[in-house]
Amino acid sequence: MSASEMGSKIILASASPRRRELLERIGLTDFIVRVPDVEESFPEGLTPEETVKFISREKADAAAALCGADDIVITADTMVFLDRRRLGKPRDEQDALDMLTALQGRKHVVCTGVTVRRGGDSLTEAESTNVFFRPADEEALRRYIRTGEPMDKAGAYGIQERGALLVERLEGDYFSVMGLPVLRLSRMLEHFGVLLF
């Protein structure tokens, strides 16, 4: 059953064009984007998965205030961790180079937390994927940075674009690295009666 058949609207509470694209790819085309203003802070001492779950819940709580009681709200938060150190969006090109240099030839973890909420009922889960970068020299990394692609992405790369050329392999959910683990999300939506096929 679709959300509209249940009398609910689906709200994607994210400004990410990649998340919009992934929802459309799995057949959710009738959704509304509403982006809440959320301070992405979290308590000290959380594990990577606990961190993204905490922030996705905070986003869902903020988004719920913008939505009707029967609306189904989807929020997500994706973070890149190298040896448990969080790599956010680079401040400038030098910061991007520092991040990409640290990642090259090594494994890092991308965690995405997802919350689905309707009224007072909510589910929050997280997906972690190991990503292995190939070795790359500084000039190659600088050429990538000059494309501008790394500047708005956690960890300074986008796996769905030219950043894929830095990735040797991964263990886990590719779509989670893009920002939304669609299989996990589909199972969470089933809890709220939304069947994608």
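About the thresholds
Residues numbered from 1 in each chain as written. Predicted model: local features only at pLDDT ≥ 70, side-chain atom pairs only at ≥ 80, totals over all residues. Heavy atoms only, no water. Phe/Tyr/Trp six-rings, centres within 6.5 Å; stacked < 30°, edge-to-face > 60°. Helix = DSSP H or I, 4+ residues; strand = E, 2+ residues; numbered from the N terminus. Buried < 20%, exposed > 50% of the residue type's maximum accessible area, 1.4 Å probe, protein only. Lys NZ or Arg CZ within 6 Å of the ring centre and 35° of its normal. Core = buried A, V, L, I, M, F, W, Y, C linked by side-chain atoms within 4.5 Å. Contact = heavy atoms within 4.5 Å. Arc of directions from axis to C-beta. Salt bridge = Lys/Arg side-chain N within 4 Å of Asp/Glu carboxyl O. 1 Å grid on protein atoms, 1.4 Å probe; cavity = no way out; pocket = protein on both sides within 12 Å on 5 of 7 lines; lining within 4 Å. Points joined across faces, edges and corners; volume = space filled by probe spheres on them. Nonpolar A, V, L, I, M, F, W, Y, C, P; charged D, E, K, R; others polar. Expected span 1.5 Å × (residues − 1). pLDDT = per-residue confidence, 0-100.

A. Inspection of the packing of aromatic side chains at higher detail. The tally for this structure, following the rule as stated, stands at 2 aromatic pairs. With centroids separated by 4.8 Å and ring planes inclined at 70°, the aromatic side chains of Phe 133 and Tyr 157 adopt a geometry described as edge-to-face. You can see Phe 133 sitting in strand S6 (residues 121-133) and its partner Tyr 157 sitting in the loop between helix H4 (138-146) and strand S7 (167-171), a full 24 residues away along the chain. One exposure class covers both Phe 133 and Tyr 157, and it is buried. Between the aromatic rings of Tyr 174 and Phe 175, the centroid separation amounts to 5.5 Å while the plane-to-plane angle is 80°, which identifies the pairing as edge-to-face. The ring of Phe 132 has Arg 169 sitting right over it, with the charged end atom 3.8 Å from the ring centre.

B. Representation of the nonpolar core in the model. Ranked by size, the top nonpolar core spans 40 residues in total, and within it Leu 100, Val 116 and Tyr 157 carry the most contacts. When neighbours within four sequence positions are excluded, Val 116 is seen to be in contact with Ile 72, Val 73, Ile 74, Asp 121, Ser 122, Leu 123, Leu 185, Met 188, Leu 189 and Phe 192. Ranked by size, the runner-up nonpolar core spans 6 residues in total, among them Val 52, Ile 55, Phe 81 and Cys 111.

C. Fine view of H4. Of all the residues in H4, the buried ones are Ala 140, Leu 141, Tyr 144 and Ile 145. All buried residues of H4 fall inside an arc of 140° around its axis, so they share one side. Taken together, the buried residues of H4 touch helix H3 (93-103). Just beyond H4, the residue with positive phi is Gly 148, at close to 85°.

D. Main features of the pattern of salt bridges. Per the counting criterion, the structure on display carries 14 salt bridges. Note that Arg 117 and Asp 61 form a salt bridge whose closest N and O atoms lie 2.4 Å from each other. With Arg 117 in strand S5 (residues 107-118) and Asp 61 in helix H2 (residues 48-64), this residue pair connects regions lying 56 residues apart in the sequence. Note on Asp 61: relative accessible area 44%, which makes it partly exposed. Residue Arg 91 pairs with Asp 95 through a salt bridge whose shortest N-O separation is 3.5 Å. Taken together, the salt bridges that share partners define one network made up of Glu 125, Glu 127 and Arg 184.

E. Representation of the layout of surface pockets in the model. Of the volumes computed, that of the largest pocket is approximately 720 Å³. Together, 32 residues line the largest pocket, and Arg 19, Thr 78, Lys 89, Asp 152 and Ala 154 are the ones closest to its centre. Mapped onto the lining of the largest pocket, the elements with two or more residues apiece are helix H1 (17-25), strand S3 (72-82), strand S4 (85-87) and helix H5 (174-178). The greatest single-element share of the lining of the largest pocket, amounting to 5 residues, is contributed by S3. Residues of the lining of the largest pocket, tallied by class, amount to 16 nonpolar, 7 polar and 9 charged.

F. Spatial organisation of H2. The end-to-end C-alpha separation of H2 is 25 Å, in line with the 24 Å expected for 17 residues at 1.5 Å each. Tucked into the core, H2 has its buried residues touching S3, S5 and S6.

G. Spotlight on the confidence of the model for the protein chain. With 96% of its residues at a pLDDT of at least 70, the protein chain reaches an overall mean of 93. The secondary structure element of the protein chain with the lowest average pLDDT is S4, at 93, and the one with the highest is S6, at 98.

H. Just unusual backbone geometry, in detail. In this structure, Asp 83 takes a positive phi of about 50° despite not being glycine. As for its placement among the helices and strands, Asp 83 is situated in the loop between S3 and S4. When its relative accessible area of 59% is taken as the criterion, Asp 83 is described as exposed. Although it is not a glycine, Ala 156 adopts a positive phi angle of roughly 70°. Looking at the secondary structure, you find Ala 156 in the loop between H4 and S7. Ala 156 gets classed as buried once you look at its relative accessible area, which sits at 0%.

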